[in-house]
Amino acid sequence: LSSAEVQARRSRFGSNAIPEEPGKPCWQLVLAQFDDLLVKILLGAASVSFCLALSETDTRERWHAMVEPLVIVTILILNAMVG
């Protein structure tokens with residue numbers, strides 16, 4: 001095809017390209033990582049563990065009991081960032 005014919009066909013039919021779909025925002029991608037049954041179960045377990053840790057009367061025992069829910073939540077956040 002000559003350049004003139006290419007220009008004529010482009011003006012008549014448009015460029016030969018597939019239109020790009022808009023991408024999802026980053027926050028939606030991260031939030032989608034938490035839409036899994038196992039992740040929801042782990043969030044529930046962390047919540048229960050956190051509530052039980054708050055019910056400890058001894059301050060030292062309370063801090064030891066806080067480790068488990070903090071580790072679970074940290075792993076879930078890291079999983080969402082990597083995934």
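What counts, and at which threshold
- Residues numbered from 1 in each chain as written.
- Predicted model: local features only at pLDDT ≥ 70, side-chain atom pairs only at ≥ 80, totals over all residues.
- Heavy atoms only, no water.
- Axes fitted to C-alpha atoms, helices over the stretch in contact; angles between N-to-C directions.
- Helix = DSSP H or I, 4+ residues; strand = E, 2+ residues; numbered from the N terminus.
- Parallel < 35°, antiparallel > 145°, perpendicular 65-115°, else oblique.
- Left-handed = near helix turned anticlockwise from the far one by under 90°.
- Contact = heavy atoms within 4.5 Å.
- Salt bridge = Lys/Arg side-chain N within 4 Å of Asp/Glu carboxyl O.
- Buried < 20%, exposed > 50% of the residue type's maximum accessible area, 1.4 Å probe, protein only.

(A) Main features of the packing of helix 3 (residues 37-54) against helix 4 (residues 59-82). Where helix 3 contacts helix 4, the two axes come as close as 8 Å, and the packing angle between them is 160 degrees. One way to sum up the angle between helix 3 and helix 4 is to call them roughly antiparallel. Of the two elements, helix 3 crosses helix 4, and the hand of that crossing is left-handed. Residue-level contacts link Val-39, Leu-42, Leu-43, Ala-46, Ser-49, Phe-50, Ala-53 and Leu-54 of helix 3 to Arg-62, Ala-65, Met-66, Glu-68, Pro-69, Ile-72, Val-73 and Leu-76 of helix 4.

(B) Main features of the pattern of salt bridges. In total, this model carries 2 salt bridges according to the counting rule given. Among the salt bridges present, the one from Glu-5 reaches Arg-9, with a minimum N-O distance of 2.9 Å. With Glu-5 and Arg-9 both in helix 1 (residues 3-13) and 4 residues apart, this pair spans about one turn of that helix. You can call Arg-9 partly exposed: its relative accessible area is 43%. Between Lys-40 and Asp-35 there is a salt bridge; the shortest N-O distance is 3.2 Å. Overall, Lys-40 belongs to the partly exposed group, its relative accessible area being 47%. Given a relative accessible area of 57%, Asp-35 falls into the exposed group.

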